Amino acid sequence: MKSYLTPFLSEALTAICSPFGAEVPSEITLEIPRNAEHGDLSTNVAMTLAKALKKNPREIATSLVESLKSRVDATIVTDISIAGAGFINFTFAKDFYGKRLSAVIAEGAKYGENKQGSGVKANVEYVSANPTGLLHVGHGRNAAIGDTIANILVWNGYDVTREYYFNNAGNQMNNLGRSVHLRYLQHFDANVEFSEEDKGLYHGEYIKDIAQTLVVKHGEVLKEPNEANLTTCRKAAEEWCFATIRATMKRMNIHHDVYFNEDSLYTDGKVNDTIEHLRDKGVVYEKDGATWLALSKMGMTDDRVIIKSSGEPTYRLPDIAYHHDKLSRRKFDLVVDIFGADHIATIPDVMAAVETLGEDKSKVRVVIHQFVTLMKDGEQVKMSKRTGRSYTLDDLMEEFGEDVTRFFFIMRGVSTHLEFDLNLAEEQSEKNPVFYLQYAHARIASVLRTAEERGVTIAATANTALLLHPSEIDLIKLVLRFPEIVSRAAETLEPQGIAEFLRDVAAAFHKFYHDCRILGEADDIMQARFALLNAAKTVLKNGLSILGISAPEKM
RNA sequence: GCACCCGUAGCUCAAUUGGAUAGAGCAUCUGACUACGGAUCAGAAGGUUUGGAGUUCGAAUCUCUACGGGUGCACCA
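The rules we used
The written sequence of each chain sets the order in which its residues are numbered from 1. For this description, chains carry letters from A and ligands carry numbers from 1, given in the order in which they are written. Since the coordinates come from a predicted model, pLDDT governs what is reported: local features require at least 70, and pairs of side-chain atoms require 80 or more to be given and counted, while whole-chain, interface and lining totals use all residues. For side-chain calculations, the full set of non-hydrogen atoms in the structure is used, while hydrogens and water are omitted. Here a residue is near a molecule or strand as soon as one of its heavy atoms is found within 4 Å of it. We define a polar contact as two N or O atoms separated by no more than 3.5 Å, with the added condition that, inside protein, one atom must be a possible hydrogen donor and the other a possible acceptor, whereas residues neighbouring each other in sequence contribute only through side-chain atom pairs. Secondary structure elements follow DSSP: runs of H or I of four or more residues count as helices, runs of E of two or more count as strands, with numbering from the N terminus. Residues are grouped as follows: Ala, Val, Leu, Ile, Met, Phe, Trp, Tyr, Cys and Pro are nonpolar; Asp, Glu, Lys and Arg are charged; all remaining types, including Gly, are polar. The pocket and cavity definitions rest on a 1 Å grid over protein atoms only: a 1.4 Å probe that fits but cannot leave marks a cavity, an open set with protein on both sides within 12 Å along at least five of seven lines marks a pocket, and residues lining either have an atom within 4 Å of a point. Grid points are joined across faces, edges and corners, and a volume is the space filled by probe spheres set on the points. Bear in mind that the domain bounds are from an automatic or database domain assignment. A pair of aromatic rings is counted whenever rings of Phe, Tyr or Trp (Trp by its six-membered ring) have centres within 6.5 Å, and the orientation is called stacked for planes under 30 degrees apart, edge-to-face for over 60 and tilted otherwise. Only protein chains enter the area calculation, which uses a 1.4 Å probe; residues under 20% of their type maximum are buried, those over 50% are exposed, and those in between are partly exposed. Here, a charge over a ring is recorded when the distance from Lys NZ or Arg CZ to the ring centre is within 6 Å and its angle to the ring normal is within 35 degrees. Criterion for a salt bridge: a side-chain nitrogen of Lys or Arg within 4 Å of a carboxyl oxygen of Asp or Glu. Paired strands, as defined in this entry, are two strands with at least two bridges between them according to DSSP. To obtain an axis, a line is fitted to C-alpha atoms, over the contacting stretch when the element is a helix, and the angle between two such axes runs from 0 to 180 degrees between their N-to-C directions. The criterion used for residue contact is that any of the two residues' heavy atoms lie within 4.5 Å. Helix span is expected to be 1.5 Å times the residue number reduced by one. Directions pointing from the helix axis toward each C-beta atom define the arc.

Neighbouring RNA strand B are 66 residues; Arg34, Ser42, Lys308, Tyr436 and Arg443 lie closest to it. If you look at RNA strand B and keep only atoms within 4 Å of the protein, 62% of those are sugar or phosphate atoms. Glu31 is positioned with one of its side-chain polar atoms (N or O) 3.3 Å from a phosphate oxygen of RNA strand B. His417 has a polar backbone atom sitting 2.9 Å from a phosphate oxygen of RNA strand B. At the level of secondary structure, the elements contributing two or more residues to the surface near RNA strand B comprise helix H2 (45-53), strand E4 (87-92), strand E10 (304-307), helix H17 (433-453), helix H18 (470-492) and helix H19 (496-515). The class makeup of the residues in the surface near RNA strand B is 23 nonpolar, 22 polar and 21 charged.

What follows is the structure in structure tokens.
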């Protein structure tokens, strides 16, 4: 549609602008109007030009329309009109849409793919939970958003690396080892204290499970709280947690290509390189026995410590080194970070430092998602009824299934607080938005199945120009829009747009199904409708696959 | 106190990134196939987009301000 009109539009614009010596706008916005009465496509160029040409918008629009009418094929564009303050609306011939369907079916599982990211190396980092416990609902949102964004980029032709950054060094891990050791000791002596006050300790039930495995494997030999034994506890805990996290991810249909170990930044000397590099730039100084990063020289108000007086770096330093590594050594053109709202504070620091190191910070895009609250009967819940402990990601999948869980995490904009409605998730019915989409897909599959059972053959080609019913045209319009939606999602890095779109497709299909019979119609109509069914099915299936959700043939 | 995110129908959220009459789902009320899956469809009702000011042809969207909610402001990660 747009590609058909754009050349004519620029010709007409040139003709109008050049006498005034005004610049022809390089990008002409052609939009699909929200209101169908305004035609199939609409442009606001006349309004945007009003100032430069010093004429009123409607006047410009009038001459544009005249000029356009003499250029376009009137059997394709049936009407060009002016409306409102100076919008120009285009109406296409009714069979215009139907004629384009065959391309959709031909592309099949690839329909919706774009090439805009071709040759661009992208890295998406998500989940990145430290191996100190189980994944909870917040991680779930992060995982679903990150994985879906990675899918979106793949669909747009990017060369995508899915990455998990984890920290198995530092105090947290020591505390984890200590926690396990205490639980281990409790196994032999119930009087051992496990202080509820000690904030460093991990209290979850899984700590006891890990301790139990150590009892079975090592017996009593780890009782002495020396370095070696604590290390054994720590390693066992780390392995257990990490294996559990990976199992949860796998269940959610998520895999990472790279598990980036924070440790490696030290062993490879990247942290040292980074600090030397920063020192060369003159933004590092010593004070009170610690090493500071002069953020005030980079436009921020407060300087921050990057190496503590104890000699240990703060988290900021490896974060900077890590981002520098992604940009400078591994040469990613696009670095996407998926963070929870609690990480918001560190981002400007890291970005400023990365820029100081000479990298282009516009290559880094940070997606910050807000928190998740679980709601039931209008009240916030923290504990799982099933396990009696706080909800983990596995609990959600156990109760509601993987599809529902993933969908609920991405169906809202990332920047809004997410209310995860447990009542709604539980609902195996019309109310549940996931089933609405899946049902549409299953229903199409069912019609095609029934046709086969009745011995009706579905022809390879059909005269789709016969699809002229308003419900048919509405559905076709949406089907044809899919590639644009996929492309947009890559620009906004918002998975939600795809979910919203698929809902529209499903709704348009259900309406079409209600209004138009398929089996039993005259053969040419029936075949044309089969073609439409196949196209709609393709869009639903491909769209759901981007979201990481199954498209069932039966429900 | 400072910074960031958010405030849209009774509830949960959209709104093509500044466009035309602000749209969906749930909840409420009323209807619809002896036919391809009723997990569906149609209709009614529901709004001063938190208040106020500004920017312009045009504002839910941008700016300022007030109010309300969330998050973060360590030599923790």
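Take the layout of surface pockets next. The computed volume of the second largest pocket comes to approximately 1200 Å³. Considering the residues around the second largest pocket, the lining is formed by 40 residues, among which Met1, Ile32, Asp40, Lys477 and Arg481 are closest to the centre. For the lining of the second largest pocket, the secondary-structure elements that each account for two or more residues are helix H1 (2-17), strand E1 (30-31), E4, H18 and H19. In terms of residue count, H18 provides more of the lining of the second largest pocket than any other element does, 13 residues in total. Residues of the lining of the second largest pocket, tallied by class, amount to 18 nonpolar, seven polar and 15 charged. Taken together, domain 1 (2-92) and domain 2 (98-114 + 430-547) each give at least three residues to the lining of the second largest pocket, which thus spans both.

Another point: the packing of aromatic side chains. How two aromatic rings sit relative to each other is set out by the distance from centre to centre and by the angle between their planes. Under the definition given, this model contains 21 aromatic pairs. Summarising the aromatic geometry, the rings of Phe96 and Tyr97 are spaced 5.6 Å apart at their centres and angled 85° between planes, so their arrangement reads as edge-to-face. Of the two residues examined, Phe96 and Tyr97, each falls in the buried class. Taken together, the ring pairs in this structure connect Tyr164, Phe166, Phe242 and Tyr259 into an aromatic cluster. Positioned above the aromatic ring of Phe332 is the side chain of Lys121, whose terminal nitrogen or guanidinium carbon lies 4.8 Å from the ring centre.

Let us now look at the pattern of salt bridges. A side chain of one charge can pair with a side chain of the opposite charge if their charged atoms are brought near each other. Taken as a whole, this structure holds 27 salt bridges when the rule is applied. The residue Arg330 makes a salt bridge to Glu163 at a minimum N-O spacing of 2.8 Å. Of the two residues, Arg330 is situated in the loop between helix H12 (316-329) and strand E11 (334-340) and Glu163 in strand E6 (residues 159-166); the sequence distance between them amounts to 167 residues. When sorted by exposure, Arg330 lands in the same class as Glu163, which is buried. Linking Arg529 and Glu521 is a salt bridge whose minimum nitrogen-to-oxygen distance equals 3.9 Å. Given a relative accessible area of 10%, Arg529 falls into the buried group. On the accessibility criterion, Glu521 (34% relative accessible area) is partly exposed.

Reading across from one edge, E7-E6-E5-E11-E12 is the order of the five strands in this open sheet, with parallel pairing throughout. Each end of this open sheet is capped by a strand with a single partner; those strands are strand E7 (258-261) and strand E12 (364-369). Each adjacent strand pair in this sheet contributes to an overall mean axis angle of 25°, direction not counted. Looking at chain direction, strand E5 (residues 121-125) and E6 are connected through five bridges and run parallel. Directly across from Glu125, in E6, lies its bridge partner Glu163. The sheet contacts of helix H6 (residues 137-155) involve E5, E6, E11 and E12, and relative to E11 the element is tilted by about 160°.

By the secondary structure assignment, Thr392 is in the loop between strand E14 (379-381) and helix H14 (393-400). Owing to a relative accessible area of 16%, Thr392 belongs among the buried residues under this scheme. Thr392 has contacts with Leu134, Leu135 and His136, leaving out every residue within four places of it along the chain.

Now for helix H3 (residues 57-69). With 13 residues, H3 ought to run about 18 Å at 1.5 Å a step, and its terminal C-alpha atoms sit 18 Å apart, in line with that. Buried within H3 we find Ile60, Ala61, Leu64, Val65, Ser67 and Leu68. Projected onto a plane normal to the axis of H3, the buried residues spread over an arc of 165° and lie on a single side. Among the structural elements, H1, H2, strand E3 (77-83) and E4 are those in contact with the buried residues of H3. Capping the start of H3 is the job of one residue whose side-chain oxygen sits 2.9 Å from the backbone nitrogen of Arg58: Asn56.

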